[in-house]
Amino acid sequence: MPLIGYARVSTEDQTPLPQSEALQTAGCVEIFEEHASGGNRARPVLARVLERVQSGDTLVVVRIDRLARSLSHLLEVIERLEAKGAFFRSLQDPIDTASPQGKFTLQVLGAAAEFERALIRERTKAGLASARAKGRVGGNPGLRAKDPAALRKVRLARQDGYMERLNETAQDWVPHVRRLRPDMAWEDLLRIINGPLPPDRHWTQSRLLRGVKAYVRDGFLPAEVLGRAGRRETDDRLPAIVAAIKGADPEITLQEICDRLESMRERTPRGRASWQPSSVKMLLERAERLGLLKSAHQQQS
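It should be emphasised that the depicted structure is a prediction, and the values quoted were computed from it without experimental measurement.

> Even after reading the chapter, I still don't get the side chain of Asp-188, so can you show me in this structure?
Along the polypeptide, Asp-188 turns up in helix α9 (residues 186-194). Look at Asp-188 and you get buried, because its relative accessible area is 11%.

Set out below in structure tokens:
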């Protein structure tokens, strides 16, 4: 199975060369290098790697901390890989999700993470109960007095917390927004983003717009993505959606596109709920004629 390597260093002064050499020795056919903080989950190269990985591939890193700095992020990335039928391996850690031992290690890590979260919840509850028993009133005195400096500090903290939560899901939506906006309407973009995600991770349009505006404000996305989508002919809408799905995953099969369209509850050109590969093929050919999709020759060049 193809091995895809990911090497990361934190600053421009550091070099990923030792990691890349180790990954090459391990047999990686492709190696992606990135200069970025491990605490930043919205890393563009990592997002590109996770889009590139296909079923049967294995994402390889030298050490776990090159991929993630927190257990929750590590488990999130591995979950995304498993959803695509791909695997994860760390050369210097006992994790290889293609092996029974590696899967067991991952299960232990997941159980440890859940145990840690439960302990934090219990300690917080116990601390609050103890404080109340001693007559202490919770909360910030500055907030109770409506001090402007305290209010501003809380507002900034909430904003930082929101951006941190947003970064945890950036891989789900940022690549699609960057690639498809403003050419595609928000409603159709939302269906494409939600298509491969489990129901509990689905986005609403208002939540997506809020996140995009926050990323534009902080310079993570260009302002053009908020531009008004041009009017598209009714007959061009389905080819545009199919082209967007194909563009996000060039190796996706016709049947997989059918399954994706059905999960999006998109109707066929004849108004049916069930899709056939022949219909998808026809729409892809139309998308290519409309210039919405690169030809196979263009994709290889």
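> Just to check I follow, could you spell out the nonpolar core for this structure?
The nonpolar side chains of a soluble globular protein tend to be buried with one another. Core analysis: the biggest nonpolar cluster contains 41 residues, and Trp-173, Val-177, Leu-208, Val-212 and Leu-221 have the highest contact counts within it. Elements supplying a minimum of two residues to this core: α7 (148-168), α8 (170-180), α9, α10 (205-217), α11 (234-248), α12 (254-263) and α13 (277-289). Looking at this core, the element that brings in the most residues is α11, giving seven residues. Counting 21 residues, the second largest nonpolar core, distinct from the first, contains Ile-4, Leu-46, Val-61 and Leu-67.

> Looking at this structure, I do not really get the sheet that holds strand β1 (residues 3-9). What am I missing?
Strands belonging to one sheet form pairs held by backbone hydrogen bonds; the direction of such a pair is parallel or antiparallel. Taken in spatial order, the five strands line up as β2-β1-β3-β4-β5 in an open sheet, and their pairing is mixed. Each end of this open sheet is capped by a strand with a single partner; those strands are β2 (30-35) and β5 (95-96). Bridging between β1 and β2 involves six bridges; their strand directions are parallel. Bridging from a neighbouring strand, Tyr-6 pairs with Phe-32 of β2. This element, helix α1 (residues 17-25), spans β1, β2 and β3 (58-61) of the sheet and lies at about 165 degrees to β1. Contacting β3, β4 (87-90) and β5, helix α4 (residues 71-83) crosses the sheet at an angle of about 140 degrees to β4.

> Would you mind showing me how to read the packing of α9 against α10 here?
Taken N-terminus to C-terminus, the directions of α9 and α10 make an angle of 95 degrees; their axes are 10 Å apart at the nearest point. Of the possible angle classes, the one that applies to α9 and α10 is roughly perpendicular. Between α9 and α10, the residues in contact are Trp-186, Glu-187, Leu-189, Leu-190 and Ile-193 and Gln-205, Leu-208, Leu-209 and Val-212, respectively. In terms of residue class, the contact of α9 with α10 is built from seven nonpolar, one polar and one charged.

> Help me understand the layout of surface pockets in this model?
A water-sized probe rolled over the atoms picks out the places where empty space is left. Here the largest pocket defines a volume of roughly 820 Å³. Forming the boundary of the largest pocket are 32 residues, of which Ala-83, Lys-84, Pro-196, Asp-249 and Arg-260 lie nearest the centre. If you list the elements that add at least two residues to the lining of the largest pocket, you get α2 (44-52), α4, α8, α9, α11 and α12. The residue makeup of the lining of the largest pocket, split by class, is 14 nonpolar, seven polar and 11 charged.

> Before we go on, may I ask you to explain the environment of Asp-259 in this structure?
With respect to the helices and strands, the residue Asp-259 is situated in helix α12. Relative accessible area serves as the criterion here: at 42%, Asp-259 is assigned to the partly exposed category.

> I'm lost on the side chain of Glu-76 in this one. Help?
With respect to the secondary-structure elements, Glu-76 resides in helix α4. In this structure, Glu-76 is in contact with Arg-41, Glu-168 and Gln-171, ignoring residues within four places of it in sequence.

About the thresholds
Residues numbered from 1 in each chain as written. Predicted model: local features only at pLDDT ≥ 70, side-chain atom pairs only at ≥ 80, totals over all residues. Heavy atoms only, no water. Helix = DSSP H or I, 4+ residues; strand = E, 2+ residues; numbered from the N terminus. Buried < 20%, exposed > 50% of the residue type's maximum accessible area, 1.4 Å probe, protein only. Core = buried A, V, L, I, M, F, W, Y, C linked by side-chain atoms within 4.5 Å. Pairing = 2+ DSSP bridges. Contact = heavy atoms within 4.5 Å. Axes fitted to C-alpha atoms, helices over the stretch in contact; angles between N-to-C directions. Parallel < 35°, antiparallel > 145°, perpendicular 65-115°, else oblique. Nonpolar A, V, L, I, M, F, W, Y, C, P; charged D, E, K, R; others polar. 1 Å grid on protein atoms, 1.4 Å probe; cavity = no way out; pocket = protein on both sides within 12 Å on 5 of 7 lines; lining within 4 Å. Points joined across faces, edges and corners; volume = space filled by probe spheres on them.

These results come straight from atomic positions and should not be treated as a statement about function.
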